Each structure stands twice: as structure tokens, then as C-alpha cells.
Amino acid sequence: MSRTSPVVLGIESSCDETGAGLVSDGVLLGDALASSMDAHARYGGVVPEVAARAHLEAMVPVVRQALDAASLDLADVDAVAVTAGPGLSTAVQVGLASAKALAFAIGKPLYGVHHLAGHAAVDVLEHGPLPARCVALVVSGGHTSLLLLGDLGRDPVVHLGDTTDDAAGEAFDKVARVLGLGYPGGPAVDRAARDGDPRAIAFPRALSRPQDPAYGFSFSGLKTAVARWVEARTDAGGQVPVADVAASFQEAVADVLTRKAVAACREHGVGTLLLVGGVAANTRVRSLAEERCAAAGLELRVPPVRLCTDNGAMIAAVGDLLVRAGAPASPLSLAADPSAPLTGALLSGPWA
Ligand code: KG4
Ligand code: ZN
């Protein structure tokens, strides 16, 4: 079959998922994912060295599997996109080195991309091209940001607000630990909350006063409030109502996230809210966002759950946008940038 649009291979390895995906002209041709999650469970969180070793072992089979899923060969790939940051340094470096080797071997350009831009771009694969402007709420394990997006392949990203302490996903993971729900915490809290009453406990909604930054987030106080509440109940010899605590905590997070996101759309005259990142997989965050966007007359775009958490398709999706925008390729000397700020989809520095 002859293909006129370039095929982009995307590689993701910033945390505990090894992902590869193939995208052409906004269409997902195939992808594959391996996770080292189980290896971290007994430590209660991701161990960077364990993650890096797992990426090393999984990388070649995952790329092979993605190519097979797309019925393509490495020779069909026209560009290689890879997460160059942010993420765990050891983990990012495995993906970056692999992508460089592949790009060099096939003589095709390399694009170092920002992981969070991938989270935003992945929605294109499900719902088509993004509108000219949208507000993106990016909620992951390491980041929580409200962004104003233009053309993701070309324009700089404008930050309307970010978290001042913990990311929303981090709060989910910590609360899961306090409740003895294990790792990974987000899906466990989500499941536990199904049987709970979201109004059982009035946990705080941080930065919600008029004098607070309108689009700033803070989840560290909420996490502490949950821990204190559980501690007090335990000290008093009572049973901890895990489902109610999980549901009330989840409600507090969903409430603040969606209220601020809708307000940002209104203030900036934007008609579309893009909800992305691992926490966008959360049942209540999704349903409350739907409710509030519908009430405000906004279009809500949320990727399917499988594409919300880290994967290779999202990196191929953002690479595809960059290739189509004519972005300059990255040099093979591109270095991993574990704490790269999000200023645009392409990560052009620092250099090794
Ligand atoms: O985007 P992601 O896969 O990785 C990062 O870039 O950080 O996000 C992972 C985060 C973790 O904190 C995880 O607990 C959270 O997303 N998460 C969820 C759910 N699924 C994943 N949080 C709440 N509810 C979920 N269903
Ligand atoms: Zn992520």
C-alpha cells in the first residue's frame, strides 16, 4: 500500500510505561505498551532504576509489536518522535537513546518532544484536529496545569496556572497509600470511591478564595487533610470508611479542577476544554467536567481512558503534528531534560 503522508514512530519511556505508536496524518495506525507497574508495587511507587531496566528490556519488543499492529516495517517510518522530558531521568534516557539509534539506523529525522504536549495531542487520534484555540487541563502524576493552546505543532504554550505543590495524580497516589489501597493509587481510589458518599466529608478546596490565583492549584493541603482525618479516626479507635474518604477526596479534586477549567474557558473566550493526562481517566473528573461543560455551553474533549495514561501513541501524535507543521528536527546530540518546562511541543534543548 502506498502512503502519501509521513509515518511517525513515537516512543515513550518517561515513567513506568514503555510505549510505541505509529501515527500518520492524525490517524493511529498501531501501538503497543509494556508496563513495569507490577515491579514497583511492592515499593509503593516507581523506582527509577527498576523502571529504566524494564524499559531496556521492553523497548525492542514494544516497537516491533507496534509495527506489527500497524502492519508496517521499520523501513516505512519517516520520522521518530520521542519523549525527551520531563520524566524520570534514567527512564527518559532509555527511550531517547533508543529513538536516536532507530532514527540514525533508518536515516530519518528525530523529534524530541515534551511529554505533556503528547498528552494533549493524543486526543487528535480520537476526535480529529484540535480547534484553533482551546484550554487544556493537563492532570498527570507529575503535573497539573491549565494551558491555553493554539496550534500545538507551531505555537508556544501559554500557562494560565499550575500547581504550586503536588500534582493531582500525586495526591491520588498518596491518598491511596494512606487508605491502604496500594499502587497505582489513582485507579484504586477511583474504584473505592464508587461505593462511597462524595459529601460524607468536607475536604478543603484550596486556592478557591477570590484573592487566590484564579487558575493556580494546590493539592498538598488536601492530601494532609485526608491523612489527618484518617489518623484522627484511627486514634479514636474507629473504623476508617475507606469508600467515603476516597469519594470525598475525589470530589474535592474533581470540583477544583473542573471549576477552574470552565472559568478559564469563559474568561479567555474559548469554546473547547481539552481534559488530558492520567487523572483524566478518573470517573468523577470526567463526569463532573461533562456536567459543567454542558452547563456552560462548552465542548469537552477527553481522550478514551486507554490513551489518557502514558502511551506511545501520544508521542507519535505530537510528532505527527510537528512533522506536518514543518518543525525543525532535533540533533542526535539532544539530551534528556527531566524537568523540562512546557513552552511548546518541541524540546530543543539542552544539548548533550
Ligand atoms: O499521565 P500519567 O500516566 O503519567 C504521568 O505523566 O505522570 O499519569 C499518572 C497519574 C498517576 O498519578 C495515577 O495515579 C493517575 O494518573 N491516574 C488516576 C487514574 N488513572 C491514573 N487518577 C485518578 N483516577 C484514575 N482513574
Ligand atoms: Zn504522562
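Residues numbered from 1 in each chain as written. Chains lettered and ligands numbered in written order. Predicted model: local features only at pLDDT ≥ 70, side-chain atom pairs only at ≥ 80, totals over all residues. Heavy atoms only, no water.

Regarding the coordination of the zinc ion (ligand 2)
Protein coordination at the zinc ion (ligand 2): the donors are H115 (NE2), H119 (NE2) and D310 (OD), at 2.0 to 2.1 Å from the metal. For the zinc ion (ligand 2), the donor residues sit on a single chain with the sequence spacing H-x3-H-x190-D. Here the residue H119 occupies a position in helix α4 (residues 115–121), and D310 occupies one in the loop between α11 (305–308) and α12 (312–325), the gap between them amounting to 191 residues. You'll find H119 and D310 in the same group, each marked buried. (Donors = N, O, S within 2.8 Å, 3.2 Å for Na, K, Ca; no water. Helix = DSSP H or I, 4+ residues; strand = E, 2+ residues; numbered from the N terminus. Buried < 20%, exposed > 50% of the residue type's maximum accessible area, 1.4 Å probe, protein only.)

Some remarks on the site of ligand 1
In the vicinity of ligand 1 there are 17 residues, among which H119, G141, D173, G186 and D190 approach most closely. In the environment of ligand 1, a nitrogen atom lies 2.9 Å from a nitrogen or oxygen atom belonging to the side chain of D190. When ligand 1 is considered free in solution it has 550 Å² of accessible area, and contact with the protein chains removes 88% of it. Those elements that place two or more of their residues in the shell around ligand 1 are α4, α6 (168–178) and α7 (185–193). Tallied by class, the residues present in the shell around ligand 1 amount to 4 nonpolar, 10 polar and 3 charged. (Near = heavy atom within 4 Å. Polar contact = N/O pair within 3.5 Å; in protein donor to acceptor, adjacent residues only side chain to side chain. Areas by Shrake-Rupley, 256 points an atom, 1.4 Å probe, with all protein chains shown as cover. Nonpolar A, V, L, I, M, F, W, Y, C, P; charged D, E, K, R; others polar.)

Some details on the sheet that holds strand β9 (residues 272–276)
Across the sheet, which stays open at both edges, the 5 strands sit in the order β8-β7-β6-β9-β10 with mixed pairing between neighbours. Two strands bound the open sheet, and with one partner strand each, they are β8 (158–162) and β10 (299–301). Strand-to-strand twist across the sheet, computed as the mean angle between neighbouring axes with direction ignored, equals 20°. (Pairing = 2+ DSSP bridges. Axes fitted to C-alpha atoms, helices over the stretch in contact; angles between N-to-C directions.)

Observations regarding the environment of T343
Mapped onto the secondary structure, T343 falls in the segment after α12. Excluding residues within four positions of it along the chain, T343 makes contact with P156 and V157. (Contact = heavy atoms within 4.5 Å.)

Quick look at the packing of helix α8 (residues 220–235) against helix α9 (residues 242–267)
Packing of α8 against α9 leaves a shortest axis separation of 11 Å and a crossing angle of 165°. When the axis of α8 is compared with that of α9, the two are roughly antiparallel. Between α8 and α9 the crossing geometry is right-handed. Residues L222, V226, W229 and V230 of α8 touch α9, and the partners they reach there are V245, F249, A252 and V253. (Parallel < 35°, antiparallel > 145°, perpendicular 65-115°, else oblique. Left-handed = near helix turned anticlockwise from the far one by under 90°.)

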